[in-house]
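# Geometric and topological summary
Chain by chain, the residues:
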Amino acid sequence: MIPKFINKQSLMVLVAGSLLIGGCAGGPLTTREKGAGIGALGGAAAGGLIGSAVGHPGVGAAVGGGLGLGAGALIGDQMQGQENQNYRQEDEIRRNQRDIYRQQDEIDRLRRERGEY
């Protein structure tokens, strides 16, 4: 039984906040997880507002939170994939730059041996 001074919306916010904080205890969040969390909270807020307009804020928040979670996870997944691709490209650029420096050093060494400078 829920005490009378706590309404259903407050209880849902408390449960959602507890789950969010508990889920964060395992280490830093990935971009995918951040997107899912932001989507769920935003969806729940929007769904709660829409639901309250029709007299069912709890249902609206639950449906909005679920839809926001899915959308946020998809967006976060795309962003994380882009971050991974950027990291791989930057790593390849660093390797290529090292090769360029090594080759330039070799060219300089050969020129010194030939007395070109």
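About the criteria used
Residues numbered from 1 in each chain as written. Predicted model: local features only at pLDDT ≥ 70, side-chain atom pairs only at ≥ 80, totals over all residues. Heavy atoms only, no water. Helix = DSSP H or I, 4+ residues; strand = E, 2+ residues; numbered from the N terminus. Buried < 20%, exposed > 50% of the residue type's maximum accessible area, 1.4 Å probe, protein only. Contact = heavy atoms within 4.5 Å. Areas by Shrake-Rupley, 256 points an atom, 1.4 Å probe, with all protein chains shown as cover. Patch = residues over 30% accessible without salt bridge, like charges linked within 9 Å, V, L, I, M, F, W, Y side chains within 5 Å. Salt bridge = Lys/Arg side-chain N within 4 Å of Asp/Glu carboxyl O. Axes fitted to C-alpha atoms, helices over the stretch in contact; angles between N-to-C directions. Parallel < 35°, antiparallel > 145°, perpendicular 65-115°, else oblique. Left-handed = near helix turned anticlockwise from the far one by under 90°. Nonpolar A, V, L, I, M, F, W, Y, C, P; charged D, E, K, R; others polar.

## Let's talk about the overall build of the chain
- Scanning the chain from terminus to terminus reveals three helices and zero strands.
- Shown N-terminal to C-terminal, the secondary structure of the chain runs as helices and strands in the order α-α-α.
- A burial count over the chain gives 15% of its 117 residues as buried.
- For the chain, the proportion of contacts with a sequence separation of at least 24, taken over those separated by at least 6, is 60%.
- In the form shown here, the chain has an accessible surface area of approximately 9,000 Å², with 63% of it arising from carbon and sulfur atoms.

## Brief notes about a nonpolar patch on the surface
- On the surface, Val-59, Val-63 and Leu-67 cluster together into a nonpolar patch covering about 300 Å² of accessible area.
- Residue placement: Val-63 occurs in helix H3 (residues 57-114).
- When its relative accessible area of 48% is taken as the criterion, Val-63 is described as partly exposed.

## Here we look at the packing of helix H2 (residues 31-53) against H3
- At their nearest, the axes of H2 and H3 sit 5 Å apart, and the two run at 155 degrees to each other. Classified by the angle their axes make, H2 and H3 are roughly antiparallel. Seen from above, H2 lies across H3 with right-handed handedness.
- Per-class residue counts for the contact of H2 with H3 are eight nonpolar, 15 polar and three charged.

## Thoughts on the side chain of Gln-80
- Within the element layout of this structure, Gln-80 appears in helix H3.
- A relative accessible area of 15% means that Gln-80 is categorised as buried.

## A short note on the pattern of salt bridges
- Considering all chains together, one arrives at five salt bridges under this definition.
- A salt bridge links Glu-113 to Arg-109; the nearest nitrogen and oxygen atoms lie 2.3 Å apart. Here Glu-113 and its partner Arg-109 are both found in helix H3, four residues apart, which amounts to about one turn of the helix.
- According to the relative accessible area criterion, Glu-113 is exposed, its value standing at 57%.
- Salt bridges here are not isolated pairs; linked through shared partners, they connect Asp-91, Arg-94 and Arg-95.

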